[in-house]
Amino acid sequence: MVDYLGHRPNRYTILLTRGAAFVQRFEVVGGPLPEGTTSWLDIYDTDDELLTTWHPTTTGPSAVEYLIDPAHTADIGYRTRAAYNLYLNYPGSRLPYCWFRGPVVRDD
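The present account deals with the structure reproduced in this document.

Rules and cut-offs
- Residues numbered from 1 in each chain as written.
- Predicted model: local features only at pLDDT ≥ 70, side-chain atom pairs only at ≥ 80, totals over all residues.
- Heavy atoms only, no water.
- Helix = DSSP H or I, 4+ residues; strand = E, 2+ residues; numbered from the N terminus.
- Buried < 20%, exposed > 50% of the residue type's maximum accessible area, 1.4 Å probe, protein only.
- Lys, Arg positive; Asp, Glu negative; His and termini not counted.
- Salt bridge = Lys/Arg side-chain N within 4 Å of Asp/Glu carboxyl O.
- Contact = heavy atoms within 4.5 Å.
- Pairing = 2+ DSSP bridges.

Some remarks on the side chain of D42
Then comes step 1: Within the secondary structure layout, D42 lies in strand 4 (residues 38-44).
Then comes step 2: The charged side chain of D42 is buried without a salt bridge, its nearest counter-charge being R101 at 12 Å.
Then comes step 3: When residues no more than four places from it in sequence are discounted, the contact partners of D42 are L50, T52, T53, A83, Y84, N85 and Y87.

Structure, rendered in structure tokens:
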């Protein structure tokens, strides 16, 4: 048995397709997000260098929605071994909370 201290983010893979937008709705479980909550999605390459940051289309009490134009997903090449962290930041806090993380792969 392994015990962990700290929060363990949800782990999922982001799948991108050439010429297609990234469309995703992240549902909130266990209560609404406080008004003023912000979110962003950072994408890193294999050297842990930040490739791009995506901001949500909507951040509401029950979901965070992303609609990223294909022109902004093109920065992540077919052979790029990218990873992402999706953060939430609650109002009054300067400490981001990593909600989701995982690899980014292209299915071109």
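Some remarks on the pairing of strand 8 (residues 82-89)
Then comes step 1: Burial within strand 8 is extensive, with seven of its eight residues counted as buried.
Then comes step 2: Note that strand 8 and strand 9 (residues 97-106) share seven bridges and pair antiparallel. Bridging from a neighbouring strand, L86 pairs with F100 of strand 9.

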